[in-house]
Amino acid sequence: MKTTDVRVCRAITAVANGQPVVLSNGSEGDGYLVCAADAATPGLLAFMVRHSSGYVRAALPVSECERLNLPPMSHRDTAHCVSVDVRGTGTGISARDRARTIAALASADSVATDFHRPGHVLPVRADGEGVLACQEPAEAAIDLARMAGRGQAAALAEIVSRRRPTQIARGTELVEFAVEHGLPVVSIGELVAYRRRTEPQVVRLAEAILPTWAGDSRVIGFRDVHDGGEHLVAIVGTVDAGVPVPLHVHVECLTGDVFGSKACRCGGELNGALARMSAQGSGVVVYLRPSGPPRACGLLTSNDAPADTMSETVAWILRDLGVYAIKLSEDAPGFGLVMFGGIREQGISTLAAAG
Ligand SMILES: [Zn+2]
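First things first, this report covers the structure right here in the doc. (Residues numbered from 1 in each chain as written. Predicted model: local features only at pLDDT ≥ 70, side-chain atom pairs only at ≥ 80, totals over all residues. Heavy atoms only, no water.)

Points about the environment of Arg 50
At step 1: Tracing the backbone shows Arg 50 in helix α2 (residues 42-51).
At step 2: The exposure class assigned to Arg 50 is exposed, which follows from its relative accessible area of 67%.
At step 3: Spatially, the C-alpha atoms of Arg 50 and Val 160 are 9.2 Å apart, while their sequence positions differ by 110 residues. (Helix = DSSP H or I, 4+ residues; strand = E, 2+ residues; numbered from the N terminus. Buried < 20%, exposed > 50% of the residue type's maximum accessible area, 1.4 Å probe, protein only.)

Printed below as a string of structure tokens:
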């Protein structure tokens, strides 16, 4: 298992056991104490208040904020909602009172009228899709709670620097803090990578036999579950399990693929790959169509997805197809090798010989 996955798993186990973890926002970013909201106890809240700014937030999916009638506090900041205390607490500010409020916010049995407004706990709206939709601390916190099998709500508070008490702790000081208190550390980036690797990133759509100039191909459409990008796979000839399949990964280029533009190599590479596969009687073309405006060399500048994100998408498509061994079928060694490195990291066996 990758070291980063071990860190994510340790954090999930701690959250499952009702313990806090340190969530870092990049290597030099700030850091948060995070716990599952349904695990909030007076002792845990006292610990969070003591080592943080004391500004404890409760991250909830948007749907829960709406169910509990927690509107945004202002039009400019739509994430932070009106603050609350659960009824029946004292002043609401003590660790004991805030633990009760946070646990009540996490409870499916709570209703809007259970809470006073304003109060001492700040609910914050988080995208229910978590870090794959939005790489922010609130989304990371609810992801940790959900993956830990707790409710989909979490408490979080910025950790204060001990060396410079007027500032927020960053970087190595967060690690020192975690070691001193025996807490796991996990970063938002590690959670993103873990979820991309462990959760299917595409769903299969339509399937058809397409007669092309290179022969009949089986074509299958896929949709990215997060950004909605729709990708196409063309399977040429037969694909035997266990035999490395020639693979060509192509990123859509409207001008090159459709109009045969000579300003780029896209169209020639795609046709070359189809011709080789047709001659060999076997091969898979993964045609990636990232979400947003179409990519078109020489016409539109595009923001290409990072190679590691694209290789994860390709790996999930190959798993869906039952293809676990591939070989390079490219005359674009630069892009092809980067892509193959990424796909190999996903656990799919690659043979780097041109096929
Ligand atoms: Zn192009």
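Thoughts on the packing of helix α1 (residues 3-16) against helix α7 (residues 188-198)
At step 1: One can describe the packing of α1 onto α7 by two numbers: an axis separation of 9 Å at closest approach and a directional angle of 100°. The orientation of α1 relative to α7 falls into the category roughly perpendicular. Together, Thr 4, Asp 5, Arg 7, Val 8, Cys 9 and Ile 12 of α1 and Glu 190, Leu 191, Tyr 194 and Arg 197 of α7 make up the contact between the two elements. (Axes fitted to C-alpha atoms, helices over the stretch in contact; angles between N-to-C directions. Parallel < 35°, antiparallel > 145°, perpendicular 65-115°, else oblique. Contact = heavy atoms within 4.5 Å.)

Some thoughts on the coordination of the zinc ion
At step 1: Bound to the zinc ion are the protein donor atoms Cys 253 (SG), Cys 264 (SG), Cys 266 (SG) and Cys 297 (SG), situated 2.2 to 2.3 Å from the metal.
At step 2: Given 4 donor atoms and angles of 104 to 116° at the metal, the environment of the zinc ion is assigned as tetrahedral.
At step 3: The buried category is assigned to Cys 264, whose relative accessible area is 16%.
At step 4: A relative accessible area of 11% means that Cys 266 is categorised as buried. (Donors = N, O, S within 2.8 Å, 3.2 Å for Na, K, Ca; no water. Tetrahedral: all angles 85-135°; square planar, octahedral: opposite > 155°, others 65-115°.)

Comments concerning the nonpolar core
At step 1: In this structure, Val 22, Leu 33, Leu 70, Ile 102 and Leu 105 are the most contacted members of the largest nonpolar core, which totals 34 residues.
At step 2: Counting only elements with at least two residues in this core, the list comes to β2 (31-36), α2, β3 (57-61), β4 (84-86), α4 (95-106), β5 (115-126), β6 (154-158) and α6 (172-181).
At step 3: Setting aside anything within four residues of it in sequence, one finds Leu 105 in contact with Ala 58, Leu 60, Leu 68, Leu 70, Val 84, Phe 115, Val 121 and Pro 123.
At step 4: Val 21, Val 34, Leu 132 and Ala 138 belong to the second-largest nonpolar core, a separate cluster that totals 30 residues. (Core = buried A, V, L, I, M, F, W, Y, C linked by side-chain atoms within 4.5 Å.)

What to know about the sheet that holds strand β7 (residues 185-187)
At step 1: Reading across the sheet, the 7 strands line up as β4-β5-β3-β6-β2-β1-β7 and stay open at both edges, with mixed pairing between neighbours. This sheet does not close on itself; its edge strands, each paired only once, are β4 and β7. Shown here is a sheet whose adjacent strand axes are inclined to one another by a mean of 45°, direction ignored.
At step 2: Pairing of β4 with β5, which is carried by 3 bridges, proceeds in the antiparallel orientation. Looking at the pairing, Val 84 lines up with Val 121 of β5.
At step 3: Where α6 meets the sheet, it contacts β1 (21-24), β2 and β7, and its direction lies at approximately 170° from that of β1. (Pairing = 2+ DSSP bridges.)

Description of the pattern of salt bridges
At step 1: Scanning the model with the defined rule gives 18 salt bridges in all.
At step 2: We note a salt bridge from Glu 207 to Arg 204, for which the minimum N-O separation is 3.1 Å.
At step 3: On the basis of relative accessible area, Glu 207 is assigned to the partly exposed category, the value being 42%.
At step 4: Within the structure, one salt-bridge network assembled from shared partners comprises Asp 143, Arg 146, Arg 195 and Glu 199. (Salt bridge = Lys/Arg side-chain N within 4 Å of Asp/Glu carboxyl O.)

Details of the environment of Pro 71
At step 1: By the secondary structure assignment, Pro 71 is in the loop between α3 (62-67) and β4.
At step 2: Pro 71 gets classed as partly exposed once you look at its relative accessible area, which sits at 37%.
At step 3: In sequence terms Pro 71 and Ser 83 are 12 residues apart; their C-alpha atoms lie 9.6 Å from each other.
At step 4: Sequence-distant contacts of Pro 71, defined by excluding residues within four places in its chain, comprise Cys 81, Val 82 and Arg 125.

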